[in-house]
Amino acid sequence: MATVIDAIAVGQELPSLVKEISQRQIDAYSVVRAKSIHTDEAWAKAKGFRTTLAQGMMSTAYVSEMMTKLCGAGFVKGGTISVAFIKPVYAGDRLTVRGIVKEKTAENGGTRVAVDVWCENQHGEKTAAGMASGLISATT
Amino acid sequence: MTDFPKLTYEALAIGEEFVSNEEIVTPEDIDTYAFAVDDHHPWFSGPSPFGGPVAHPTFFANQALRMRHTKYVVHAGLHAKMQFQFLEPIRPGMRVRSRGRIIDKYVRRGKKYMVTEFVTEDQGGRPLVRGQFTQMLIEG
């Protein structure tokens with residue numbers, strides 16, 4: 001019987017996610033505060049940014065969503081993310097979240113799936129990049 | 001009374017420890033997070049492989065980041081890197097806090113960085129998430 005892990009191939013590109021990031025979502029994520037580069041536009045401009053920025057960690061949440069779709073419960077319990085933030089993400093930006101399966105390795109009777117992950121903005125510029133993994137059990 | 005100095009590179013000491021406030025995981029907060037990151041997975045509000053609803057794996061990332069606010073005024077910083085290990089699902093009703101420690105600080109290309117490791121635990125001290133974040137300090 002074919003299992004989930006059999007259907008995942010090294011080199012496979014995962015279905016991408018597209019996220020249009022509104023100020024309201026940034027406000028909900030970061031909690032509105034004075035003197036915040038995320039929720040106070042005047043403060044963000046005073047610090048040299050063109051407008052408010054999304055928190056970098058919002059991009060890790062998008063990677064988490066993509067990995068949960070791939071690995072299911074084995075990402076919620078057993079998943080990892082390691083990313084570097086390359087460029088700021090601004091309110092109103094549209095990010096595309098992408099992943100390519102890099103390797104599959106045996107671990108604790110299951111298979112750990114490692115994925116190269118990255119986010120691109122609407123100009124095609126990488127804003128974050130790194131690696132994520134999840135553990136898929138042999139019986140899944 | 002407690003002094004809250006501004007977070008500056010000079011004020012930080014490697015080995016310095018932080019503890020967040022305790023927070024209760026509520027269905028409303030799980031829903032708000034889902035809105036913020038535009039991820040409405042059915043496990044966030046209904047049955048899951050873990051026997052009931054769970055929060056988004058990155059749900060408490062900001063709690064870890066805000067540990068520093070219990071000792072400093074943190075006006076602005078840019079995330080440079082983020083690592084997570086998701087060890088156990090986060091469930092509604094849990095009382096959760098994060099503990100962390102500065103493990104490095106450095107200057108690169110004239111910019112100042114701090115590196116913090118953290119663990120997010122439930123009320124029984126069971127680790128839910130471990131991780132590490134690197135922040136570029138924006139002072140002033």
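To start, this report covers the structure provided alongside it.

Parameters and conventions
Residues numbered from 1 in each chain as written. Chains lettered and ligands numbered in written order. Predicted model: local features only at pLDDT ≥ 70, side-chain atom pairs only at ≥ 80, totals over all residues. Heavy atoms only, no water. Buried < 20%, exposed > 50% of the residue type's maximum accessible area, 1.4 Å probe, protein only. Helix = DSSP H or I, 4+ residues; strand = E, 2+ residues; numbered from the N terminus. Pairing = 2+ DSSP bridges. Contact = heavy atoms within 4.5 Å. Buried area = accessible area lost by both parts, 1.4 Å probe. Salt bridge = Lys/Arg side-chain N within 4 Å of Asp/Glu carboxyl O. Polar contact = N/O pair within 3.5 Å; in protein donor to acceptor, adjacent residues only side chain to side chain. Nonpolar A, V, L, I, M, F, W, Y, C, P; charged D, E, K, R; others polar.

Topic: the pairing of strand S5 (residues 111-121) of chain B
All names here are of chain B.
Reasoning step 1: Taken across its 11 residues, S5 has 8 buried, putting it largely inside the fold.
Reasoning step 2: By the bridge criterion, 11 bridges tie strand S4 (residues 95-108) to S5 in an arrangement that is antiparallel. When the sheet's bridge partners are listed, Arg99 is paired in S5 with Val119.
Reasoning step 3: Joining the antiparallel neighbours S4 and S5 is a turn of 2 residues, in which Arg109 adopts a positive phi near 50°.
Reasoning step 4: Pairing geometry for S5 and strand S6 (residues 127-137), over 9 bridges, is antiparallel. Looking at S6, one finds that Thr116 is bridged to Phe133.
Reasoning step 5: Counting the residues between successive antiparallel strands, the hairpin from S5 to S6 contains 5 residues, one of them, Gly125, with a positive phi of roughly 85°.

Re the pairing of strand S3 (residues 94-107) of chain A
Residue and element names in this part refer to chain A.
Reasoning step 1: Alignment of strand S1 (residues 17-20) against S3, held across 4 bridges, turns out to be antiparallel. When the sheet's bridge partners are listed, Val18 is paired in S3 with Thr96.
Reasoning step 2: Pairing analysis gives 11 bridges linking S3 to strand S4 (residues 110-120), with the strands arranged antiparallel. Across the sheet, the residue bridging to Glu107 is Gly110, located in S4.
Reasoning step 3: Hairpin connection between S3 and S4: a loop of 2 residues separates the two successive antiparallel strands, and Asn108 in this loop has a positive phi of roughly 50°.

Focus on the interface of chain A and chain B
Reasoning step 1: Of the residues lining the interface, 36 residues belong to chain A; the matching set on chain B comes to 38 residues.
Reasoning step 2: For the pair chain A and chain B, the summed buried surface comes to about 3100 Å²; carbon and sulfur atoms form 62% of the total.
Reasoning step 3: The partner of A:Lys19 in a salt bridge is B:Asp38, with the nearest N and O atoms 3.9 Å apart.
Reasoning step 4: The interface formed by chain A and chain B includes 14 residue pairs in polar contact (both at pLDDT 80 or more).
Reasoning step 5: In terms of residue count, the dominant contributor to the side of chain A that touches chain B is helix H3 (residues 56-71) of chain A (8 residues).
Reasoning step 6: Classifying every residue of the side of chain A that touches chain B by side-chain character gives 18 nonpolar, 11 polar and 7 charged.
Reasoning step 7: Bridge analysis of strand S2 (residues 80-85) of chain A against strand S3 (residues 77-86) of chain B gives 5 bridges, and the strand direction is antiparallel. Of the residues in S3(B), the one forming a bridge with A:Ile81 is B:Phe84.

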